[in-house]
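# Reading the structure
Here's the letter readout for the chains.
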Amino acid sequence: MKSIYTVGLLILSNIFMTLAWYGHLQFKNFTSLKSLGLFSIVLISWGLAFFEYIFQVPANKLGFKENGGPFSMFELKTIQEAISLIVFALMTTFVFKTEKMAWNHLVGFLLIVLAVFVIFKKW
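Report on the accompanying structure. (Residues numbered from 1 in each chain as written. Predicted model: local features only at pLDDT ≥ 70, side-chain atom pairs only at ≥ 80, totals over all residues. Heavy atoms only, no water.)

Once that is clear, we can look at the overall build of the protein. Each helix and strand counted, the protein has 4 helices and 0 strands in total. Mapped in sequence order, the helices and strands of the protein form the string α-α-α-α. Buried positions account for 27% of the 123 residues belonging to the protein. If you take every contact in the protein between residues at least 6 apart in sequence, the share linking residues at least 24 apart comes to 69%. (Helix = DSSP H or I, 4+ residues; strand = E, 2+ residues; numbered from the N terminus. Buried < 20%, exposed > 50% of the residue type's maximum accessible area, 1.4 Å probe, protein only. Contact = heavy atoms within 4.5 Å.)

Let us look at the nonpolar core. Counting residues in hydrophobic clusters, the biggest one holds 10 residues: Leu10, Ala59, Phe64, Phe71, Leu76, Ile79, Ile83, Val87, Met91 and Phe96. Take this core: its biggest share by element is 6 residues, from helix H3 (residues 73–96). Non-local contacts of phenylalanine 71, meaning those with residues more than four positions away in its chain, are made with Ser3, Thr6, Gly63, Phe64, Lys65, Leu76, Ile79 and Phe120. (Core = buried A, V, L, I, M, F, W, Y, C linked by side-chain atoms within 4.5 Å.)

All right, on to the pattern of salt bridges then. Once the charged atoms of two side chains with opposite charge are near each other, the side chains can pair. All told, the structure shown has 2 salt bridges when counted by the stated rule. Glutamate 75 serves as the salt-bridge partner of lysine 122, at 2.9 Å between the closest nitrogen and oxygen. Note that lysine 122 is positioned in the segment after helix H4 (103–120) and glutamate 75 in helix H3, a separation of 47 residues in sequence. Looking at lysine 122, the relative accessible area reads 61%, which means it is exposed. (Salt bridge = Lys/Arg side-chain N within 4 Å of Asp/Glu carboxyl O.)

Take helix H2 (residues 38–63) next. Along its 26 residues, H2 runs 36 Å from first to last C-alpha, staying within 8% of the 38 Å computed at 1.5 Å per residue. Turning to H2, its buried residues number three or more, namely Ile41, Ser45, Ala49, Glu52, Gln56, Ala59 and Gly63. Next to the buried residues of H2 lie helix H1 (2–22) and H3. (Expected span 1.5 Å × (residues − 1).)

Space left empty within the atom packing is revealed by a probe, the size of a water molecule, rolled over the atoms. Of the voids in this model, the largest pocket is the one considered here, and its volume is about 230 Å³. For the lining of the largest pocket, the secondary-structure elements that each account for two or more residues are H1, H2 and H3. (1 Å grid on protein atoms, 1.4 Å probe; cavity = no way out; pocket = protein on both sides within 12 Å on 5 of 7 lines; lining within 4 Å. Points joined across faces, edges and corners; volume = space filled by probe spheres on them.)

Scanning all chains against the criterion turns up 6 aromatic pairs. Ring plane angle 75° and centroid distance 5.4 Å describe the contact between phenylalanine 50 and phenylalanine 51, whose orientation is recorded as edge-to-face. Grouping aromatic residues by their ring pairs yields a cluster made of Phe16, Phe50, Phe51 and Phe55. In this structure, lysine 121 is placed above the aromatic ring of tryptophan 123, and the distance from its NZ or CZ to the ring centre is 5.8 Å. (Phe/Tyr/Trp six-rings, centres within 6.5 Å; stacked < 30°, edge-to-face > 60°. Lys NZ or Arg CZ within 6 Å of the ring centre and 35° of its normal.)

Turning to the environment of threonine 78, a few remarks are in order. Mapping threonine 78 onto the fold places it in helix H3. Classification of threonine 78 as buried rests on a relative accessible area of 14%. In contact with threonine 78, other than residues within four places in its own chain, are Val116 and Ile119.

Okay, structure coming up:
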């Protein structure tokens, strides 16, 4: 059950991370936000990143083997990176609608899935 909670928290964390890192690129579509200066954008992004950490830190604490969780640090990082790319791809394609998924993106993601397999395989 801890693995499910860990992955769920990492997904939530990465949604906020994607909004914090890339959401401001969509401000041009909103009349009240498109004239904001860089300092204001940084503050808004920091505010969103706060929520990223609210989910990321507990996910790592809960999921880490030495705290009774199922994952090593390497495994936690690998899961986080895979989730990060999946969330980014979905949000870019369906929420921001700025780009279309291409074949090279899919091949790259398959290679990442292969990396997850290699990290989790007990050799």
